[in-house]
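The primary structure of each chain is shown beneath.
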Amino acid sequence: MPVSRMPSRIACLQPSATVILAAVGEIGRVVACTKYCADVVPEIASQSHTILADSWTANAEQIVAAHPDLVIASVPYQEKAIVEILKSGARFLGLAPKTLADIYGDIATIAGIVGARERGEYVIAGMERRIEEVRARTIRDPRPRVFCEEWGKPLIASQPWVAELVEAAGGDFVGAAGRQILAEEVARMNPEILIAAWCGAGDRVPLEKIVAERNWQRTSAAVACRIYCIRDEYLNTPAPTLLRGLAAIAFAIHPEFFPCTEGIRQITGVQSSTAANLQR
């Protein structure tokens, strides 16, 4: 794409877009983003930029005021949010990834738009290589049953890309990825490892409370105290940030092979209603 046609002022309504632009060396093009972007791209906090509502609550007036020549948004959307984005009159790139392959495609797309195609391919290759390195270390070992959730009320299993990371880290993902499920169904599947990464909750999921309220005390995961909270942005940001989530998942599943990493918190005991936590 000729340089004159490349966007120079980008508004990111989802942290994943900001992460991808940073990864391909084009963070300087971001003139507006959400308040959540700094959680995964700390350097954005030191730059001059406008704070916008996200893909769920987009506001046309805010977007127009930032004067972007490209808006990038990603699921989850509300129909009225898409209308607001379109009302702004800026070019719009909408992403809806479900799998790792989709995420690689999004990285390639964004990199191509900003003239960083080679850097995008480098980032994708790095992600693929790291995932395969983890897979190779666990391929011959027992595969514990893992349930991972992205929301608590209603209870929703994590997205397909998380299921792929669980499989790569040596676990068997139980339940239908990205679908709502009853707590009773999870109990019947008797996961050996439970992971919670709630959207927007950071690392503040109340592990002991949800175990007690859902009557999960007798699951294999609870008996063995293998219940974890992983930082929301490490598993729910479809971008290179997922490698941090992979490291945390790998530790949760195979601590004998992988070191404890930042962004993961483990329950230390399960009683009838409460348990102590260990901050890792």
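Our subject is the structure listed above.
Summary of the structure given here.

Reading guide: rules and limits
Residues numbered from 1 in each chain as written. Predicted model: local features only at pLDDT ≥ 70, side-chain atom pairs only at ≥ 80, totals over all residues. Heavy atoms only, no water. Salt bridge = Lys/Arg side-chain N within 4 Å of Asp/Glu carboxyl O. Helix = DSSP H or I, 4+ residues; strand = E, 2+ residues; numbered from the N terminus. Buried < 20%, exposed > 50% of the residue type's maximum accessible area, 1.4 Å probe, protein only. Pairing = 2+ DSSP bridges. Arc of directions from axis to C-beta. Contact = heavy atoms within 4.5 Å. Phe/Tyr/Trp six-rings, centres within 6.5 Å; stacked < 30°, edge-to-face > 60°. Lys NZ or Arg CZ within 6 Å of the ring centre and 35° of its normal.

## Examining the pattern of salt bridges
For the coordinates displayed, the defined rule picks out 10 salt bridges. For D172, the salt bridge goes to R143, with nearest N and O atoms at 3.2 Å. Placement of the pair is D172 in strand β8 (residues 172–173) and R143 in the loop between α6 (117–138) and β6 (145–151), with a sequence separation of 29 residues. A residue is classified by how much of its surface remains accessible, and R143, at 30% relative accessible area, is partly exposed. Through salt bridges that share partners, R143, E167 and D172 make up one connected network.

## Describing the sheet that holds strand β3 (residues 50–51)
Backbone-to-backbone hydrogen bonds join strands into a sheet, with any given pair of strands oriented parallel or antiparallel. Spatial strand order, β3-β2-β1-β4-β5: five strands in an open sheet with parallel pairing. Looking at which strands have only one partner, the edges of the open sheet turn out to be β3 and β5 (92–95). As defined by bridge partners, strand β2 (residues 30–33) adjoins β3 across two bridges and the pair is classed as parallel. Bridge pairing links C33 to I51 in β3.

## What about helix α4 (residues 79–87)?
The complete set of buried residues in α4 reads A81, E84 and I85. Within α4, the buried residues cover an arc of 100° as seen down the axis, which keeps them to one side. In α4, the exposed positions that point more than 90 degrees away from the buried face belong to E79, K80, L86 and K87. Taken together, the buried residues of α4 touch α3 (60–66), β4 (70–74) and β5. Just downstream of α4 lies G89, where phi reads positive at about 85°.

## Some remarks on the packing of aromatic side chains
Applying the stated criterion across every chain, the model contains two aromatic pairs. When the centroid spacing of 6.3 Å and the interplanar angle of 85° are considered together, the rings of F147 and W216 count as edge-to-face. A residue pair is termed long-range when its members are at least 10 positions apart, and F147 in strand β6 and W216 in the loop between α9 (207–213) and α10 (220–223) qualify at 69 residues. Exposure remark for F147: the relative accessible area of 0% places this residue in the buried category. For W216, a relative accessible area of 1% corresponds to the buried category. Measuring from ring centre to ring centre gives 6.1 Å for W151 and W198, while their planes differ by 50°; the resulting arrangement is tilted. Residue W151 is found in strand β6, and its partner W198 is found in the loop between β9 (193–196) and α9; the two are separated by 47 residues along the sequence. Since its relative accessible area comes to 35%, W151 is described here as partly exposed. In this structure, R137 packs its charged tip against the face of F258, placed 4.7 Å from the ring centre.

## Digging into unusual backbone geometry
Put simply, V75 and P76 share a cis peptide bond, and its omega is 5°. Position of P76 relative to the elements: it lies in the loop between β4 and α4. In the segment running from K153 into P154, the intervening peptide bond is cis, with an omega of 0°. Inspection of the secondary structure puts P154 in the loop between β6 and β7 (156–157). Located in the positive-phi region is H67, a residue other than glycine, with phi close to 55°. With respect to the element layout, H67 can be found in the loop between α3 and β4. Even without being glycine, N215 reaches a positive phi, approximately 55°. With respect to the helices and strands, the residue N215 is situated in the loop between α9 and α10.

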